[in-house]
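Reading the structure
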Amino acid sequence: MNEEKWNKYLDKVFGVDLEVFYLALEESVSARGYIHGAIAEVLLTKSLEDSGFEWIRIKEKPSGGFNAKSAEARGDFYIREKDSQNEYFVIECKGVKTNAEKHAGLNTQDKVFKYLKKFAFPADDSITKRYDGGLKKYQSKKAEWEGQNPGKTFPDFNWPKDYPGCDSVDLTGLWPDVKSLKEWVFSYSEDDFSEDAYWNCTAPIALLQTHMPSVRVAPITEIKQAGPLTIDFNILAVDLFLRTGKHEFVFMNPEKISHSPTSPEHLYQNYTIDVLIKEKKPGTTIVPPWYSSIHDCISATNPPRRQLDESQIDSR
């Protein structure tokens, strides 16, 4: 599209020319966020088509508002294999969190060293400890909730034992020993781990982390928590562009990942998919319950299918 066509489109839709539109995007992080999300959805549909799927867009707000959305259709698209008579998967599309490192407090060499160490040199019992830690939180909440709700049963604990918790990071083999890791981290200055460095993707590390802040009320426990419900969609697709610089998607089945330990009907807001390491690991290492291929995700985790609800289809 040439500049003249751009200006005609922008004048019609926004009442501005290309220069003003550009300045608006430069000055508004939230506006860029919406556009990143829209681009991710477009590219996801193209990727799905290339992978042999057909797709149908789901309405963001059906007639009656968001509360009119079906509990069976809270994702972005219905998808199924082309030319099949199968029922559909509901897929949700998200991007990665742009300030994950700030919220993790990774602003000094020592904090970064301690963070990387647990993934680069995990203790032999680290997986068991993560599982037991989640189970302990669950059991405490279960006892509290059932005490307040006599005669009712708290939902089951369904963490996968092979990959418990919200971090799916494998950094083993990047450094020969802990001393080498520490030397590598401290070879960078504190400024290299500043908020600006992370924001500009120039820091030595980058966290690939989901961001799902939507507030939902659990249907059984009625717990209100920031994070999707495990039943909101069948597959989550995450575009890694904002950290990798490439529009590449990874996929997971919400029934096969660790739920919130204190509200089993909720997912976590943030799952760490991977950590990029400058020069040592610039590319992604995707491990279960995440998959680089939607076919692998479906084959390995067998997400349930759903009937198409005509009232939820966006027919624009």
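One structure accompanies this document, and this report is about it.

Calculation rules
- Residues numbered from 1 in each chain as written.
- Predicted model: local features only at pLDDT ≥ 70, side-chain atom pairs only at ≥ 80, totals over all residues.
- Heavy atoms only, no water.
- Helix = DSSP H or I, 4+ residues; strand = E, 2+ residues; numbered from the N terminus.
- Rg over C-alpha atoms; globule rule 2.2 N^0.38 Å.
- Buried < 20%, exposed > 50% of the residue type's maximum accessible area, 1.4 Å probe, protein only.
- Contact = heavy atoms within 4.5 Å.
- Areas by Shrake-Rupley, 256 points an atom, 1.4 Å probe, with all protein chains shown as cover.
- Salt bridge = Lys/Arg side-chain N within 4 Å of Asp/Glu carboxyl O.
- Phe/Tyr/Trp six-rings, centres within 6.5 Å; stacked < 30°, edge-to-face > 60°.
- Pairing = 2+ DSSP bridges.
- Axes fitted to C-alpha atoms, helices over the stretch in contact; angles between N-to-C directions.

Regarding its fold elements, the chain presents 10 helices and 11 strands. Taken over the C-alpha trace, the chain has a radius of gyration of 22 Å; the compact-globule value for 316 residues is 20 Å, and the two agree within 12%. For the chain, the proportion of its 316 residues judged to be buried stands at 41%. Across the chain, every contact between residues at least 6 apart in sequence was considered, and the portion connecting residues at least 24 apart equals 69%. Only carbon and sulfur atoms are counted for the fraction: they give 49% of the accessible area of the chain, which is about 17100 Å².

This next bit is on the pattern of salt bridges. Using the criterion set out here, one finds 13 salt bridges in the structure. For E4, the salt bridge goes to K8, with nearest N and O atoms at 3.7 Å. Taken together, the residues E4 and K8, both in helix 1 (residues 3-13) and 4 residues apart, mark about one turn of the helix. On the basis of relative accessibility, which here comes to 52%, the residue E4 falls in the exposed class. Relative accessible area serves as the criterion here: at 57%, K8 is assigned to the exposed category.

Glancing now at the packing of aromatic side chains. Inspection of every chain in the model, using the stated rule, returns 14 aromatic pairs. Measuring from centroid to centroid gives 6.4 Å for W6 and Y9, while their planes differ by 80°, and the two rings are edge-to-face. Residue W6 and its partner Y9 are both found in helix 1; the two are separated by 3 residues, about one turn of the helix. Take W6: its relative accessible area is 33%, and that puts it in the partly exposed class. Among the residues examined, Y9 registers a relative accessible area of 44% and is labelled partly exposed. For the ring pair W184 and Y188, a centre distance of 5.2 Å and an interplane angle of 70° mean the geometry is edge-to-face. Judged by its relative accessible area of 15%, Y188 falls in the buried class.

What follows deals with the sheet that holds strand 3 (residues 89-95). Pairing within the open sheet is mixed, and its 5 strands lie in the order 1-2-3-7-8. The strands lining the two open edges of the sheet, one partner per strand, are strand 1 (53-57) and strand 8 (249-252). When strand polarity is set aside, the average angle formed by the axes of neighbouring strands in this sheet is 30°. The pairing of strand 2 (residues 77-81) with strand 3 spans 3 bridges and is antiparallel. Paired with F77 across the strands is I91, a residue of strand 3. Where helix 3 (residues 29-50) meets the sheet, it contacts strand 1, strand 2, strand 3, strand 7 (235-239) and strand 8, and its direction lies at approximately 150° from that of strand 1.

Time to look at the environment of S315. Its place among the elements puts S315 in the segment after helix 10 (294-301). Between the C-alpha atom of S315 and that of K59, which follows or precedes it by 256 residues, the distance is 8.3 Å.

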